[in-house]
Amino acid sequence: RPPHRQPLRVRDRAGLVEAGYEYVQGVGLWLPTLPEDFAIPDFSVVDPDFRDAHITKNYYAPNVFRMVVEVTSSNWSDDLGPKVECYAQAGLPVYLIADRKHDEVLLYADPADGTYADPLRYKRGQIVPVPESVGVTLELSVDTLLDGDG
């Protein structure tokens, strides 16, 4: 089946590589709010030439990030609070949060004037359609995002 017909496993690269994007973990995102401000998302979808946007150390300019995904843990309030604002100000097209504390997935998309609109919320058993602004058609399983894919 084509990648857009089946739920994408969290760490499955199907569809991303074919569309010309890269899936990365442990790559820092430079945030323009402060000179020393950065975040390291749990995983990201980036442009294939993202290394050309190197800022310092392992941090890259936000314009090469198409989507960032955070899976909440003990620092869940950071993912649901300050990161939403920082990612919107950085102009990230899509910010997806697998909120384990509240057992739901939040999808923020297409920031305007440095702010995301209220998120779309998805519950277990649902599929999250990745917005067109990422540049690839994918569907993500809420259960897989919340539980991991082993």
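The text that follows walks through the structure, step by step, so that each part is easy to find.

Analysis parameters
Residues numbered from 1 in each chain as written. Predicted model: local features only at pLDDT ≥ 70, side-chain atom pairs only at ≥ 80, totals over all residues. Heavy atoms only, no water. Helix = DSSP H or I, 4+ residues; strand = E, 2+ residues; numbered from the N terminus. Buried < 20%, exposed > 50% of the residue type's maximum accessible area, 1.4 Å probe, protein only. Contact = heavy atoms within 4.5 Å. Core = buried A, V, L, I, M, F, W, Y, C linked by side-chain atoms within 4.5 Å. Pairing = 2+ DSSP bridges. Polar contact = N/O pair within 3.5 Å; in protein donor to acceptor, adjacent residues only side chain to side chain.

Here we look at the overall build of the protein
Reasoning step 1: Of the regular secondary structure elements, the protein holds 3 helices and 13 strands.
Reasoning step 2: The buried share of the protein, reckoned over its 150 residues, is 46%.
Reasoning step 3: For the protein, restricting intrachain contacts to residue pairs at least 6 apart in sequence, the fraction spanning at least 24 positions comes to 49%.

Side note on the nonpolar core
Reasoning step 1: In this structure, Phe65, Tyr87, Tyr95 and Tyr116 are the most contacted members of the largest nonpolar core, which totals 24 residues.
Reasoning step 2: Elements that contribute at least two residues to this core include exactly strand 8 (65–71), helix 2 (82–89), strand 9 (94–99) and strand 10 (104–109).
Reasoning step 3: The element contributing the most residues to this core is helix 2, with 4 residues.
Reasoning step 4: Contacts of Phe65, omitting those with residues within four sequence positions, involve Val27, Gly28, Leu29, Ser44, Val45, Val46, Tyr60, Leu92 and Pro93.

Examining the sheet that holds strand 3 (residues 28–30)
Reasoning step 1: Strand order in the open sheet made by the 4 strands is 4-3-7-6, with mixed pairing throughout. Each edge of the sheet is formed by a strand with only one pairing partner; in this case those strands are strand 4 (38–39) and strand 6 (54–56).
Reasoning step 2: Sheet analysis places strand 3 next to strand 7 (residues 59–60), joined by 2 bridges and oriented parallel. Counterpart to Leu29 in the pairing with strand 7 is Tyr60.

Quick word on the environment of Asp103
Reasoning step 1: Within the secondary structure, Asp103 sits in the loop between strand 9 and strand 10.
Reasoning step 2: In this structure Asp103 touches Lys123, Arg124 and Leu146, once residues within four positions along its chain are discounted.
Reasoning step 3: Separated by 2.9 Å, the side chains of Asp103 and Arg124 make a polar contact.

Some thoughts on the pairing of strand 5 (residues 43–46)
Reasoning step 1: Burial of the side chains of strand 5 extends over both faces: Phe43 and Val45 are buried on one face and Ser44 and Val46 on the other.
Reasoning step 2: In terms of strand pairing, strand 5 meets strand 8 through 4 bridges, oriented antiparallel. Its bridge partner lying in strand 8, Val45 is registered against Met67.

That's the geometry; what it means functionally is another story.
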